[in-house]
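Examining the three-dimensional arrangement
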Amino acid sequence: MSFLFLTEAGGNYGIGHMTRCDAIAQALSEQWKESAFIIDAAPETVETFPHKILTLKKWQNNWPALKNEIAELDISDGVEGIFVDSYHASQALLENLAVFKVPLFFMDDFYRLEYPKGVIFNPEISANKDMYLKKSGRKVYAGVDYFPMRSPFWDTEPRPQIKRKGVAVTLGGSDDQLCLNFIIEELGKRFPEPVTLVSSGRDLHNPLPENVTLLGARQSAEQMCNIISSARVIVCGGGGTLIEAARCGTPAVVVEMADNQRNNIKAWTERGFARFAGHKSSPEVGGAALWYIKELDDYGKWLKASRTGAINADGQGARRIADIMLDETEGAAKSELLKENYPVGGLYLKNFLHCGPAEHELIRNARNTPAVRAGSINQQLITLSRHQAFILSLGLSTTGGYWLVYSGETPLGVISLVELDWHRSQAVLGYYKLPDCPHKGVG
């Protein structure tokens, strides 16, 4: 096992969280990494889920139970990182995950929480990392380039309009789909082409119109890719299916199924790919959907929308996220090298973390001399409390290390590596001589 995913699916959650994690796990498997899942979901929701499921339980606000579940995995050997995709996990629980001392990754569609140290992915098309306060130990990757689509969408090419027919309708895994009746009623009465409806069928009026074919809600990724690519237009919610439709170049008529979809819908609409039919509770949503579908009969408008979608969604988000996760975990593992002592030629590099109080004071006093301060980026005097806090922070660093250099019993100076990029094997080198060290014998 390499990565542990914590997510949720079914009921009022929808299935978007689970399918995003599924996509990332698929990308990790390309690089020979395994994944395991803890999911808040009913058994029928995960019947076709392709990855290892450890347990199905409500975990989002039950830290004692989750801690025990993870601890039994022998996490120090078995799990390299933990990925969380949930709208309901508490901030306290997310912060508690730090006790396992592995890199943490969070999926966030909108700035829901003040996330703890770790890596945040916000895949909304309008998102940018400046939305998040800069915080030590936290990285942010934002924008639609980081939307994790499942593997059938990675390398697909949009079909031309001539090879498409009809409309696909799917409003996600939510049980709250009463607006489907408004949409299907309008399409049944006033739309002559075939309609492919992906739904559980719950709460729908029977019988369905003759031009409507009902498929079950649990379609595979391959089936969904084919359904979306074969349709001339899709009616969908503002979540993951909207991004998949963009990748397939299938213009979307969008229904707002949840408040957190609003920004995503607005951005795709402003770019010209999507048309907004209204909120799920509106009785006008069916008429609006039909109007926009007919508007897209215009080939010029259809082609512009199709190209806009394909240009803005290249399908590689899951692979990008997987690469970042592997870089982070590799850096975390290798960062132990930044905490060791090293003999180098006739010198000895003693890590700051292994130095005693007298040595720390020697370093601080040297750092505060005018000559050394003049060559430093930060030229302020370093107080004792600040210096002690800095030494402690080195124990958590994955990108920097500091050493006191000795020749025999004589301390000579300080050497450092910071802003270390493990993937590119590069860092910024820093060094200075202790003021009392003679100007000879050492290069």
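For the structure itself, look to the data block above.
Residues numbered from 1 in each chain as written. Predicted model: local features only at pLDDT ≥ 70, side-chain atom pairs only at ≥ 80, totals over all residues. Heavy atoms only, no water.

A contiguous nonpolar patch, built from Leu417, Leu429 and Tyr431 and spanning about 330 Å² of accessible area, is present on the exposed surface. Here Leu417 shows up in strand β17 (residues 410-421). Under the relative-accessibility criterion, Leu417 is labelled partly exposed at 30%. (Patch = residues over 30% accessible without salt bridge, like charges linked within 9 Å, V, L, I, M, F, W, Y side chains within 5 Å. Areas by Shrake-Rupley, 256 points an atom, 1.4 Å probe, with all protein chains shown as cover. Salt bridge = Lys/Arg side-chain N within 4 Å of Asp/Glu carboxyl O. Helix = DSSP H or I, 4+ residues; strand = E, 2+ residues; numbered from the N terminus. Buried < 20%, exposed > 50% of the residue type's maximum accessible area, 1.4 Å probe, protein only.)

Now for empty space enclosed by the protein. Per the counting criterion, the structure on display carries one cavity of 30 Å³ or more. What lines the largest cavity is simply Leu338, Lys339, Asn351, Leu353, Leu394, Ser397, Gly400, Gly401 and Tyr402. (1 Å grid on protein atoms, 1.4 Å probe; cavity = no way out; pocket = protein on both sides within 12 Å on 5 of 7 lines; lining within 4 Å. Points joined across faces, edges and corners; volume = space filled by probe spheres on them.)

Here the focus is unusual backbone geometry. Glycine aside, negative phi is the norm for most residues, and most peptide bonds take the trans geometry. Following Asn206, the chain continues into Pro207 via a peptide bond in cis, with omega recorded as 0 degrees. Turning to its location among the elements, Pro207 is positioned in the loop between β9 (195-198) and β10 (212-215). A positive phi is found at Trp32, a non-glycine position, where the angle reads about 65 degrees. Within the chain, Glu419 stands out as a residue other than glycine whose phi angle is a positive 50 degrees. Looking at the secondary structure, you find Glu419 in strand β17.

As defined by bridge partners, strand β14 (residues 342-344) adjoins strand β15 (residues 347-351) across three bridges and the pair is classed as antiparallel. Note that in β15 the partner of Tyr342 across the bridge is Leu349. A loop of two residues connects β14 with β15, the two strands running antiparallel in sequence, and Gly345 in this loop sits at a positive phi of about 60 degrees. In the sheet, β15 pairs with strand β16 (residues 401-407) via four bridges, with the strands oriented antiparallel. (Pairing = 2+ DSSP bridges.)

Bringing the pattern of salt bridges into the picture now. Scanning the entire structure with this criterion turns up 21 salt bridges. Linking Lys33 and Glu80 is a salt bridge whose minimum nitrogen-to-oxygen distance equals 2.9 Å. Within this pair, whereas Lys33 is found in the loop between α1 (16-30) and β2 (35-40), its partner Glu80 is found in the loop between α3 (75-78) and β4 (81-85), the two being separated by 47 residues in sequence. Judged by its relative accessible area of 23%, Lys33 falls in the partly exposed class.

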